[in-house]
Structures are given as structure tokens and as C-alpha cells.
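Structure assessment
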Amino acid sequence: MYTNSLLSKCGVGLYKWASIGAGVMANAIVKSAQKSGFFSPEKCRIYDIDSARLAAFPSDQFDLASSSKDAIRDADFILLAVKPDKIDSVLSEIAEESEGKCFVSIAAGITIDNIRSYLPISCNVIRIMPNLPITIGSGATVISCSNGTPDNLVSETKRLFECAGEVCFLDESLMNPVIAVNGSSPAFFFRMLDVMSDAAAEQGIDKDIALILAALAMQGSAKLLIESGKTPKELIKQVAVPGGTTAAALHDLDELYWDDIIKSAMKTCTKRADELNF
């Protein structure tokens, strides 16, 4: 359900968009924008080489294109929602039709300069890193753009992603490191929940019940952290009474080098993002 405050926050889009790619993230972005009133169907044309993905967009509600060139022809903004290893072929295909357009890329690891190298000099490029919770309007999106990117283009992009959650800005030098914090982190949380529910099942608790309890605890903990203004360490102290069960469990995590494992995984995520920039 999209609230009135979210509708007001997003506003109405002023430009025509095209989405090259119709996978999970593009689906979430486009449908969130439509539900919030950011744009009507005729203001966003969608194309994907996989017709099965396009089937998720009813033709009576969305403007479906027959090719990538057809999709972007009348667009002011192009959402690049394809995998990093497909960026070069997609850009090469549509470069001739791209004069003066603004490209908004969700491709992990691919730099603004790399994308611009395929396009006319009149094009602008904005790089973003959304996360999976945008599919339910509770996501977070990080935006980065080059100096000199016109304010109206930045504003339009910001309002689009506000339709699906919160938005913040970072320098592009931080866009690879932030993937682990924002884009990849839901997978870390899901894995932790899966392991916790498995451990509970081994002790006799129904796994489905354990999963819901742990998920609600994670959800509530995140809300408490945001709303209380307290640091994670301060909140840990409120739960972990000296000599108690939580303190014993945290000691186990220390013995297993839990903190180092998380940091290592995040650095590996950044390293892989660096490798993706061809």
C-alpha cells in the first residue's frame, strides 16, 4: 500500500522513461513508480530480450517495446536494468538513438565513465544502487552522478526511486563499497534468518514459526535502531545482560571471529564489483 505521504514525496514524473531490462529490479522500480502516480503507462516504455519477463507487464497497463531502439526512441531517461556483462552490447546497440538522453544504470561495478564511453557526448549518466526491498516499497537506493549533471535530471531520478523507499547520495568512489552495505546486504540477512530457523528446528521448534519470529525480531530491531537514535553497541548492551544467555551467545560469535567474517565478506563483495568494470 502506498501512502499519501509517499505519493506526495514522489510527485509526478516530468519526463518520458524507457527501461532496458524487465527483471526483478526493473519490475519493482517501474511498478512502484506507476502505483505511486510518478508516471502513467505511456511515460515508460519497457523492453527485454526475454519475452517471458515482458509478460509480467500487462500490455493494457504498460507500453511494451519491440526492440531496445524502439524503447528509447522518444525517451528522455533510460533505465539500464541489465547485468553488468551485457552493458557493452546494449549500449553499442542503442548509441545512435541516444543523443541528449540521460542514462540511469543499476549495473553493479560499471562506472559512469565506462558507460559514457559508449555514448554521445551530449548524454548524461547517473549511477544507482538499489536493494531488493524496493519490491515492497521499503527499499533504499544510493545515487551517484558526475559533477555538472543538471539538477533537473538528478531531481527526476531521486523522485523516481523515492517511490520505492529512501534515497541517499554518495560519491562514485564509494559506489562499489556500498554494494555490500545496501545492494547485497539483504542476502546476508536472509542467510542469517535461514540459519537461525534451521538451528531452532534442530532444537524442536517448528522452522516456519522460528523463521517468522526471527524475521520479526530483525524487522523490529532495525526499526528500533533507526527510531531510537542509539548506536548498535548501545542497543546490544540493552539485550546482553552480563552473565546471561545473550552474552554467552555473543562470546561464541567472538570465538568464531564473527566480526572478521562479516568484514571479509563485504570486502570480497567490493573486490568483485571492481572486477566487473570491463
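Calculation notes
Residues numbered from 1 in each chain as written. Predicted model: local features only at pLDDT ≥ 70, side-chain atom pairs only at ≥ 80, totals over all residues. Heavy atoms only, no water. Buried < 20%, exposed > 50% of the residue type's maximum accessible area, 1.4 Å probe, protein only. Helix = DSSP H or I, 4+ residues; strand = E, 2+ residues; numbered from the N terminus. Pairing = 2+ DSSP bridges. Axes fitted to C-alpha atoms, helices over the stretch in contact; angles between N-to-C directions. Parallel < 35°, antiparallel > 145°, perpendicular 65-115°, else oblique. Left-handed = near helix turned anticlockwise from the far one by under 90°. Contact = heavy atoms within 4.5 Å. Nonpolar A, V, L, I, M, F, W, Y, C, P; charged D, E, K, R; others polar. Salt bridge = Lys/Arg side-chain N within 4 Å of Asp/Glu carboxyl O.

Describing the pairing of strand E6 (residues 124–129)
- Among the six residues in E6, six count as buried, and that is most of the element.
- Burial of the side chains of E6 extends over both faces: Asn124, Ile126 and Ile128 are buried on one face and Val125, Arg127 and Met129 on the other.
- Relative to strand E7 (residues 139–145), E6 runs antiparallel, the two sharing four bridges. Residue pairing for E7: Met129 is matched across the bridge by Val142.

Examining the packing of helix H9 (residues 185–202) against helix H10 (residues 207–228)
- Running from N to C, H9 and H10 cross one another at 135°; their axes reach a closest spacing of 8 Å. Here H10 runs oblique to H9, going by the angle between their axes. Crossing handedness for the pair H9 and H10: right-handed. The segment H9 lies against H10, with Phe189, Met192, Leu193, Asp194, Met196, Ser197, Asp198, Ala200 and Ala201 engaging Lys207, Ala210, Leu211, Ala214, Ala215 and Met218.
- For the contact of H9 with H10, a count of residues per class yields eleven nonpolar, one polar and three charged.

Notes on the pattern of salt bridges
- The final tally for this structure, using the stated rule, is eleven salt bridges.
- A salt bridge links Asp198 to Lys207; its shortest N-O distance comes to 2.6 Å.
- As a salt-bridge pair, Glu275 and Lys271 come within 2.8 Å of each other at their nearest N and O atoms. Taken together, the positions of Glu275 and Lys271, both in helix H13 (residues 258–276) and four residues apart, correspond to about one turn of that helix.
- In this structure Glu275 comes out as partly exposed when scored by relative accessible area, which is 45%.
- Each of Arg45, Asp63, Asp70 and Arg73 takes part in a single network of salt bridges with overlapping partners.

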